[in-house]
Amino acid sequence: MKTLQHLAARWWLCCAGALHAPAAMADCMLEIPATVVLGRYDPAATQATPESWQLTVRSRNPKTGCRARLQVETADQTSNLLSLGNDPTGLRVTLSQDAAGRQAIPVAPQDMTSVQLDLDRQASMVLWATRGTGQWISPGLYRGSLRLTLLDEQGQTLDRRDVEFKSMIHSVVHAQFGQSNSASGLNSTRLDFGELRQGARRSAALAVQANTGYTITLSSANGGRLVHNSLAQGRVAYQLRLDGRPVALNQPIAGLSANRPGRQSHDIEVEIGSMQQVLAGEYRDSLLITISGQ
């Protein structure tokens, strides 16, 4: 009988000791935006602009700390996020841990980072999304998503969240004289005929790149005439052709439409008209060329 009483007393003491043991570290949890909206995108820009977004890890129980590993998953298991929209090519977004894009975000099964939080602490991290230049994709809304997972030391999931990236691609048209994307491309050019002669011709190449169809319109400061520098009555007619088609510069709207996007070159040719009874001096006209996305 004494032996049974002694065993019962020891069992009660063991249970009481367990009830007063220190609490284990609680689970970590993620706080991230459900959606990250990226700003306006210009494929013609010479340099990409990184955009930041933030995530926070904290304990589910504010009275305790927590410990976890963070992993990132993308659809193609790379640090490049493909956003899909109207264009089947998609929009490529590079994910990195620095604004310069040198430290790419590792994807699962690699850990991006690990955290160990003390009481009433949290860990915040700024990450970066960069859309590379030169992506001439169709206008519209593009979406891509990635998944972030917190794991414990045994690989069990503590928390999992998805974040969606949205990019609105607008109609973009880039034009210059000279070869497209060349360093020597200019926003204006000069056709110098030297000594005017009837039938003389000069031409210029206008390189256009667009992610949509576009319209080219031309307007003349002098209604399609070369005008004497000092005597307005001195005029010389000329004919302008755009891609071989005559353009009536005396009309309110003159030009052409290109229904397909992409990179195209347009030839602008000027031919001097009749030279009868022309005053000596310098003649000129100014053309304004407008390219509008559809």
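Cut-off values and rules
- Residues numbered from 1 in each chain as written.
- Predicted model: local features only at pLDDT ≥ 70, side-chain atom pairs only at ≥ 80, totals over all residues.
- Heavy atoms only, no water.
- Helix = DSSP H or I, 4+ residues; strand = E, 2+ residues; numbered from the N terminus.
- Buried < 20%, exposed > 50% of the residue type's maximum accessible area, 1.4 Å probe, protein only.
- Contact = heavy atoms within 4.5 Å.
- Pairing = 2+ DSSP bridges.
- Axes fitted to C-alpha atoms, helices over the stretch in contact; angles between N-to-C directions.
- Core = buried A, V, L, I, M, F, W, Y, C linked by side-chain atoms within 4.5 Å.
- Phe/Tyr/Trp six-rings, centres within 6.5 Å; stacked < 30°, edge-to-face > 60°.
- Salt bridge = Lys/Arg side-chain N within 4 Å of Asp/Glu carboxyl O.

Explain the overall build of the protein here, please?
Helix and strand content of the protein: one helix and 20 strands. Looking at the protein as a whole, 35% of its 294 residues are labelled buried. Of the contacts formed within the protein by residues at least 6 apart in sequence, a portion of 79% connects residues at least 24 apart.

Which parts of the structure should I look at to understand the sheet that holds strand 8 (residues 122-131)?
By way of backbone hydrogen bonds, the strands of a sheet pair with one another, either parallel or antiparallel. As summarised here, the arrangement of the five strands in space is 1-3-8-6-5, forming an open sheet in which the pairing is antiparallel. Looking at which strands have only one partner, the edges of the open sheet turn out to be strand 1 (28-31) and strand 5 (80-83). For this sheet the average axis-to-axis angle between neighbouring strands, irrespective of direction, equals 30°. Where strand 6 (residues 91-96) lies against strand 8, four bridges are found, and the strand directions are antiparallel. Paired with L95 across the strands is A129, a residue of strand 8.

Looking at this structure, I do not really get the pairing of strand 6. What am I missing?
On any regular strand, side chains alternate: one points to one face of the sheet, the next to the other face. In this structure, strand 5 lies alongside strand 6, joined through four bridges in antiparallel fashion. Bridging from a neighbouring strand, S83 pairs with L91 of strand 6.

Got a minute to help me understand the sheet that holds strand 20 (residues 287-293) in this structure?
The sheet built from three strands is open, its strands ordered 17-13-20 with antiparallel pairing. Only two strands of the sheet have a single neighbouring strand rather than two, namely strand 17 (255-258) and strand 20. Looking at each pair of strands side by side, their axes are set apart by 15° on average, direction ignored. Where strand 13 (residues 214-220) lies against strand 20, seven bridges are found, and the strand directions are antiparallel. Across the sheet, the residue bridging to S220 is L287, located in strand 20.

I'm lost on the nonpolar core in this one. Help?
Residues L55, L148 and F165 are the most contacted members of the largest nonpolar core, which totals 33 residues. Counting 23 residues, the second largest nonpolar core, distinct from the first, contains F193, L240, L249 and V270.

How should I be thinking about the packing of aromatic side chains in this particular structure?
Scanning all chains against the criterion turns up one aromatic pair. Between W53 and F165 the ring centres are 5.4 Å apart and the planes differ by 85°, which places this aromatic pair in the edge-to-face class. You can see W53 sitting in strand 3 (residues 51-59) and its partner F165 sitting in strand 10 (residues 157-169), a full 112 residues away along the chain. With respect to class, W53 is no different from F165; both count as buried.

Would you mind going over the pattern of salt bridges with me for this structure?
Throughout the structure, instances matching the rule amount to 13 salt bridges. Among the ionic pairs, E51 bridges to R131, the shortest N-O distance being 2.7 Å. One end of the pair, E51, is in strand 3; the other, R131, is in strand 8, and 80 residues separate them in sequence. Among the salt bridges present, the one from D159 reaches R60, with a minimum N-O distance of 3.9 Å. Here D159 is found in strand 10, whereas its partner R60 is found in the loop between strand 3 and strand 4 (66-73), with 99 residues between them in sequence. Of the residues examined, R60 reaches a relative accessible area of 43% and is grouped as partly exposed. Each of R201, R241, E269 and E271 takes part in one network of salt bridges that share partners.

Even after reading the chapter, I still don't get unusual backbone geometry, so can you show me in this structure?
Generally, phi is negative for residues other than glycine and the peptide bonds are trans, each holding for most cases. The step from A108 to P109 runs through a cis peptide bond, and the omega angle for that step is 15°. The residue D243 is not glycine, and still its phi comes out positive at about 55°. Take D243: it is sitting in the loop between strand 15 (235-242) and strand 16 (245-247). Taking relative accessible area as the criterion, D243 reaches 34% and is therefore assigned partly exposed. Even without glycine at this site, Q277 takes up a positive phi of about 50°. With respect to the helices and strands, Q277 occurs in the loop between strand 18 (262-272) and strand 19 (283-284). Exposure remark for Q277: the relative accessible area of 84% places this residue in the exposed category.

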